[in-house]
Amino acid sequence: MSQKQDKNNLRDKDLMEEIAALCKRRGFVFSSSEIYGGFSAVYDYGPYGAELANNIKSAWWKAMVQENENIVGLDSSIFMHPKVWEASGHISGFSDPLAECKKCHTRVRVDHLLEEAGVFADEKMSEEEINKLLKENREKLKCPKCGDSDFSEAKEFNLLVQSNLGNFTGDWSKNPVYLRGETCQGIYVNFKNVLDSTRVKVPFGIAQIGKAFRNEITARQFIFRKREFEQMEMQFFVHSDEAMKSYEEWRERRWQFYIDLGIKKENLRWHKHENLVFYAKAAWDIEYKFPFGFKELEGVHYRADYDLKQHSKFSDKDLSYRDPQTNEKYIPHIVETSVGVDRTFLAVITDAITKEKLEDGSERTVMKFPKNLAPIKAAIFPLLKNKPELVKKAREIYENLKSQYMCEFDDNGNIGKRYRRQDEIGTPYCITVDFETLKDGTVTVRDRDTMKQERVKAEGLKTWLSEKLNS
Ligand code: GAP
């Protein structure tokens, strides 16, 4: 039996540090270009991180595309015609408010500055509203670098990342292309293509997983706010009469997605946006209790007919829909569900990390991932490395299981060390081949969460594992 230590006993900062250290130590997350000193707000997923991220994406794709007859997938390009970003409003209005410390000239995001001072600023506030808050709370502000509290007025800073394409000889910054700031624009511009090439009828959705880029100014909170990140977005096209009902349904379904994923309910909550962008009719966030507090995990937005109307106007193409039954012609309204892979990753890691005091006084760190998300489903060990008959049998089992599941073969160190390593990467089952195996064909299977061991027939392991992993 083990005595559980509540991870919330760790101070928030300690928990964040613990998570970042484990992610590096066990190959989940590395700083980008680390040998060159890292690259601010850019991260790489290591071997186990890549598995976990893939499992998160598969779970989302299954819940959104595979299990919905009226949702289809898409994989649009990162580069798009620059006019897309004019139409979407990103060139004129996709920005964060920045203020400069008058003493040390550090530029700081004003909403973060206010937050540190205990003042809440909605990300969707206007420049004027932000500056009013800044003025009112001047004496509470503190520059993160020099501690001074004298700041310039806030100015909007565009978040789109620019690049160049083709054979440019001149100043390409005058004619830039952009790395997409959100994936949904690829969905809007393909609305007609999908409609014309498949059998979908309104109401229907288009879902996509892909990279997005933002020139985030403040690099902090680990992978929560990255400059290169991945979004999982679904745009649901509906008749305006049905839009609000559909919006409420999607709010419910997205909440349920996290519950089904195994995220603890007490770590989730809703946040309603009071300051909406002019075209939005409703916006709620699902927030997760990260080590630094409740923060946005997913946005569920009712965007009305803004996006298709804008792209229709800027491209001069008709993006309306004709109902085959009623013959009514209209621009569909859009309900959007938008979540980051990286934020889901951090939520899953935060939810899973557990420290336990064992009976012998030692401690273990165990990642209690939901089984379908665990990077490695089973680890197979020979009890001793120098006994060829044990190694041979363990290899046989590994070869047999690996076609169905991500498995690992490990004969390094002693069993205790192997268990500790697998606990830290969250492997649900460890299978050991010992001398009894050679006599009666059974192996020891150790459960990650209970640490209980049982003997299972090696022959029936595949079925046994399927039942356990799907239970
Ligand atoms: N299409 C709507 C849209 O992009 P958003 O609220 O800006 O809305 C949606 O972003 C989601 O994308 C967020 O809830 C978050 O999960 C993720 N996200 C946004 N910016 C991010 C960043 N810099 N790093 C990691 N994830 C981010």
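Here the structure is a predicted model, which means the values were calculated and not measured. (Residues numbered from 1 in each chain as written. Predicted model: local features only at pLDDT ≥ 70, side-chain atom pairs only at ≥ 80, totals over all residues. Heavy atoms only, no water.)

Peer 1: Describe the pattern of salt bridges, with residues and values.
Peer 2: In the structure shown here, the tally under the stated rule is 37 salt bridges. The partner of Lys-245 in a salt bridge is Glu-249, and the shortest N-O contact between them spans 4.0 Å. Linking Lys-245 with Glu-249, this pair stays in helix α9 (residues 240-261), spanning 4 residues, or about one helical turn. On the basis of relative accessibility, which here comes to 53%, the residue Lys-245 falls in the exposed class. A salt bridge links Lys-368 to Glu-356; its shortest N-O distance comes to 2.8 Å. Of the two residues, Lys-368 is situated in the loop between β19 (363-367) and β20 (378-382) and Glu-356 in strand β18 (residues 353-358); the sequence distance between them amounts to 12 residues. Classification of Glu-356 by relative accessible area gives buried; the value is 2%. (Salt bridge = Lys/Arg side-chain N within 4 Å of Asp/Glu carboxyl O. Helix = DSSP H or I, 4+ residues; strand = E, 2+ residues; numbered from the N terminus. Buried < 20%, exposed > 50% of the residue type's maximum accessible area, 1.4 Å probe, protein only.)

Peer 1: Mind laying out the site of the ligand, listing which residues take part and the relevant values?
Peer 2: Near the ligand lie 21 residues; those nearest to it are Glu-182, Glu-233, Glu-296, Leu-297 and Glu-336. Contact distances for the ligand include 2.6 Å between an oxygen atom and a side-chain N or O atom of Glu-296. Taking 550 Å² as the accessible area of the ligand by itself, protein coverage stands at 92%. For the shell around the ligand, the element with the most residues is strand β14 (residues 293-304), which contributes 6 residues. (Near = heavy atom within 4 Å. Polar contact = N/O pair within 3.5 Å; in protein donor to acceptor, adjacent residues only side chain to side chain. Areas by Shrake-Rupley, 256 points an atom, 1.4 Å probe, with all protein chains shown as cover.)

Peer 1: Now, about the side chain of Glu-408: what can you tell me, with residues and values included?
Peer 2: You can see Glu-408 is positioned in strand β21 (residues 407-409). Here the side chain of Glu-408 touches Tyr-48 through a polar contact of 2.2 Å, side chain to side chain. Not counting chain neighbours up to four residues away, the residues in contact with Glu-408 comprise Tyr-48, Ile-376, Ala-378, Ala-379, Ile-380, Tyr-398, Arg-421, Gln-422 and Ile-425. (Contact = heavy atoms within 4.5 Å.)

Peer 1: How would you explain the state of the cysteines if you had to name every residue and give the values?
Peer 2: Structurally, a disulfide amounts to a covalent bond that connects the sulfur atoms of two cysteines. Enumeration according to the criterion identifies 0 disulfides in this entry. As a non-bridged cysteine, Cys-104 has Cys-143 as the owner of its nearest cysteine sulfur, 3.6 Å distant. (Disulfide = S-S within 2.5 Å.)

Peer 1: How would you sum up the packing of helix α1 (residues 12-25) against helix α11 (residues 341-352)? Please name residues and give values.
Peer 2: The geometry of α1 relative to α11 is characterised by a closest axis approach of 11 Å and an angle of 105° between their N-to-C directions. Judged by the angle between their axes, α1 and α11 are roughly perpendicular. From α1, Leu-15, Met-16, Ile-19 and Cys-23 reach across to α11, where they touch Leu-346, Ile-349 and Thr-350. Grouping the constituent residues of the contact of α1 with α11 by class yields 6 nonpolar, 1 polar and no charged. (Axes fitted to C-alpha atoms, helices over the stretch in contact; angles between N-to-C directions. Parallel < 35°, antiparallel > 145°, perpendicular 65-115°, else oblique. Nonpolar A, V, L, I, M, F, W, Y, C, P; charged D, E, K, R; others polar.)

Peer 1: Hey, could you go over the domain arrangement of the protein chain for me, with residue numbers and the actual values?
Peer 2: As far as domains go, the protein chain holds domain 1 (3-91 + 161-351), domain 2 (95-158) and domain 3 (376-469). Measuring from the centre of the C-alpha atoms in domain 1 to the corresponding centre in domain 2 gives 27 Å. Buried surface at the junction of domain 1 and domain 2, both sides included, amounts to about 1,300 Å², of which 38% is carbon and sulfur. Looking at the side of domain 1 facing domain 2, the largest losses of area belong to Ile-217, Arg-220 and Asn-275, adding up to 42% of the total buried there. Counting the contacts that link domain 1 with domain 2 gives 2 salt bridges. The partner of Lys-295 in a salt bridge is Glu-115, and the shortest N-O contact between them spans 2.6 Å. Those elements that provide at least two residues to the side of domain 1 that touches domain 2 are α4 (90-93) and β14. Split by residue class, the side of domain 1 that touches domain 2 holds 2 nonpolar, 7 polar and 5 charged. (Domains from an automatic or database assignment. Buried area = accessible area lost by both parts, 1.4 Å probe.)

Peer 1: Go over α9, please, and point to the residues and values.
Peer 2: Spanning 22 residues, α9 covers 31 Å between terminal C-alpha atoms, matching the ideal 32 Å at 1.5 Å per step. The largest bend in α9 is about 25°, located at Ser-246. Looking at α9, one finds that the buried residues are Ala-243, Ser-246, Tyr-247, Trp-250, Arg-251, Arg-254, Trp-255, Phe-257, Tyr-258 and Leu-261. Once α9 finishes, Gly-262 follows within two positions and takes phi at roughly 105°, a positive value. (Expected span 1.5 Å × (residues − 1). Bend = angle between axes of the 7 residues up to and from the residue.)

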